[in-house]
Amino acid sequence: MGAQVYEEEIARRAPQVAPELDVRRTVVRSLRSDLPGTDRLPAWVLGAAPSSVRRAAGRLVYPRSGLVHRMGLSLPPAPGPEVVTIHDTVAWRFPDEGTPEPHAAVEARRAAAVVSVSRFSADDVAERLGLEHVDVVHNGVDDAFFHAEPLSKDDLARLGVERPYVLHAGGSSQRKNLDGLAAAWRLVERAVPDALLVLSGPPSTRRDALFGPSRTATRVGRVPSRLVPGLVAGARAVVVPSLYEGFGLPAIEAMACGVPVVAADRSSLPEVCGDAALLVEPDADGIAEALIAVLRGEVPLSDMIERGRARARSFTWEASATKHAEIWRRVLAAA
């Protein structure tokens, strides 16, 4: 998912973009988590514990000197200067996106810097939490997407994909607008009977209920990372119908692959896509009209694809990590 990709990419590049700094990564998990980590804390501390308890936990987990970049609001605050990344405000806006962090506003105001991944998100976070300034550092796209070849027929067959397809990749929460996509797809399959919708993402009862009955939609679950660029590159279009995105990695990854993008004209997606995608109303008619036009070849795609590849090249993880390093240096100098 987008936040996890961000954490991995910035952490991996941090030593290269800031060689003068001693960069160490801390991965905090709850006591019951079976995922690997460097530190364990009770889930209560990572949620609704009083501020005094969270501060005490921060003194145990983080070094007492130096700068901490906290990439999740649930993590306890650092005892010294810190940078905090806040991707979006979905927990406050959508009931199925978890519980809003109760200490978010206070801890964000105490941070030396707050980072968000788009101008849209930065403004949204600042308004929601009462912040005067939020640094914008866009996400990036992995270089593998620029050189990706479509998956082989054998790889696709193992995923249950045996004809040309439109791809939707991501979660299934309300903001992802799968209801709108399902309604749109019923219109698409009537107009283009040989079209197939491929949906990738973690297991979801909502996705199953919406698309399980369809003979022209297939759910492939979680796709191994090594196969993702090829799955994107082989699509006839990538659809991102979300009502809210903090950034929108699937859109920029598709553009890097040279694949047409149909995206909702909402939240961060116009900022990320620019003039290199078909931006539509995220309802059945808007999504379907654009997908049908792409599948039938009724819109000129070559120029849009070239604009998309050029735009994607301006969103690199190296550039993102470099801007993070500039913020770290600024905070350290002030401290």
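Residues numbered from 1 in each chain as written. Predicted model: local features only at pLDDT ≥ 70, side-chain atom pairs only at ≥ 80, totals over all residues. Heavy atoms only, no water.

## A look at helix H14 (residues 317-334)
It helps to recall that an α-helix has 3.6 residues per turn; residues three or four apart then point in one direction. With 18 residues, H14 extends 26 Å from end C-alpha to end C-alpha; this agrees with the ideal 26 Å at 1.5 Å per step. Of the positions making up H14, those classed as buried are Trp317, Ser320, Ala321, His324, Ala325, Ile327, Trp328 and Val331. Taken down its axis, H14 places every buried residue within 160 degrees of arc, on the same side. With respect to the buried face of H14, the exposed residues turned more than 90 degrees away are Ala333 and Ala334. (Helix = DSSP H or I, 4+ residues; strand = E, 2+ residues; numbered from the N terminus. Expected span 1.5 Å × (residues − 1). Buried < 20%, exposed > 50% of the residue type's maximum accessible area, 1.4 Å probe, protein only. Arc of directions from axis to C-beta.)

## As for the side chain of histidine 324
Tracing the backbone through its elements, the reader meets histidine 324 in helix H14. With relative accessibility at 1%, the residue histidine 324 sits in the buried group. A distance of 2.7 Å separates a polar atom in the side chain of histidine 324 from the backbone oxygen of serine 320. When near neighbours in sequence (up to four residues on either side) are disregarded, histidine 324 contacts Tyr6, Ile10, His69, Val115 and Val137. (Polar contact = N/O pair within 3.5 Å; in protein donor to acceptor, adjacent residues only side chain to side chain. Contact = heavy atoms within 4.5 Å.)

## A few points about the sheet that holds strand S10 (residues 237-240)
Taking strand neighbours across the sheet as the criterion, the 6 strands line up as S9-S8-S7-S10-S11-S12 in an open arrangement whose pairing is parallel. At either end of the open sheet lies a strand with only one pairing partner, and these are strand S9 (217-221) and strand S12 (278-280). Neighbour-to-neighbour, the strand axes of the sheet open up by a mean angle of 25 degrees, direction not taken into account. Relative to strand S8 (residues 196-200), strand S7 (residues 165-169) is paired through 5 bridges, and the arrangement is parallel. (Pairing = 2+ DSSP bridges. Axes fitted to C-alpha atoms, helices over the stretch in contact; angles between N-to-C directions.)

## Brief notes about the sheet that holds strand S6 (residues 135-136)
Spatial strand order, S3-S4-S5-S6: 4 strands in an open sheet with parallel pairing. Both outer strands of the open sheet, strand S3 (68-70) and S6, are each paired with one neighbouring strand and no more. As judged from the 2 bridges shared by strand S5 (residues 113-116) and S6, these two strands associate in the parallel manner. Each bridged residue has a counterpart across the sheet, and for serine 116 the counterpart in S6 is valine 136.

## Structural notes on unusual backbone geometry
Its identity as a non-glycine residue notwithstanding, asparagine 177 has a phi of 60 degrees, on the positive side. The topology assignment puts asparagine 177 in the loop between S7 and helix H7 (178-191).

## Some details on the nonpolar core
Soluble globular proteins tend to bury their nonpolar side chains together. One finds Val161, Tyr165, Leu167, Leu231, Val238 and Ile252 to be the most contacted residues of the largest nonpolar core, which totals 57 residues. Residues contacting tyrosine 165, with those up to four places away along its chain left out, are Leu156, Leu196, Val198, Gly230, Leu231, Gly234, Ala235, Arg236 and Ala237. The next biggest cluster of nonpolar side chains, apart from the first, holds 24 residues, and it includes Val166, Ala288, Ala290 and Val294. (Core = buried A, V, L, I, M, F, W, Y, C linked by side-chain atoms within 4.5 Å.)

## Comments concerning the UniProt feature "domain: Glycosyltransferase subfamily 4-like N-terminal" (unreviewed entry) in the protein chain
UniProt records the feature "domain: Glycosyltransferase subfamily 4-like N-terminal" (unreviewed entry) at residues 28-144, using the numbering of this structure. What you have in residues 28-144 is 28% helix and 16% strand, and the ends, taken at the C-alpha atoms, are 29 Å apart. (UniProt positions renumbered as here; feature names shortened; annotations may be inferred.)

## Looking at the state of the cysteines
Scanning the entire structure with this criterion turns up 0 disulfides. Free of any disulfide, cysteine 257 has its nearest cysteine sulfur in cysteine 273, 14 Å distant. Classification of cysteine 257 by relative accessible area gives buried; the value is 13%. Here cysteine 273 falls in the buried class, since its relative accessible area comes to 0%. (Disulfide = S-S within 2.5 Å.)

## What to know about the pairing of S10
Across the two faces of S10 the burial is the same, with Ala237 and Val239 and Val238 and Val240 all buried. Pairing geometry for S7 and S10, over 2 bridges, is parallel. Along S10, the bridge assignment pairs valine 166 with alanine 237. One ladder, built from 3 bridges, connects S10 with strand S11 (residues 261-264); its direction is parallel. Counted as the bridge partner of valine 239 is valine 262 from S11. Read from S10 through helix H10 (residues 249-257) to S11, the crossover connection turns out right-handed. (Right-handed = clockwise from strand over helix to strand, strands pointing away.)

## Notes on the pairing of S5
With burial as the criterion, each face of S5 is covered, one bearing Ala113 and Val115 and the other bearing Val114 and Ser116. Here strand S4 (residues 82-85) pairs with S5 via 3 bridges, running parallel. The residue of S5 that forms the bridge with valine 83 is alanine 113. Between the parallel elements S5 and S6, the chain passes through helix H5 (residues 119-129) in a crossover that is right-handed.

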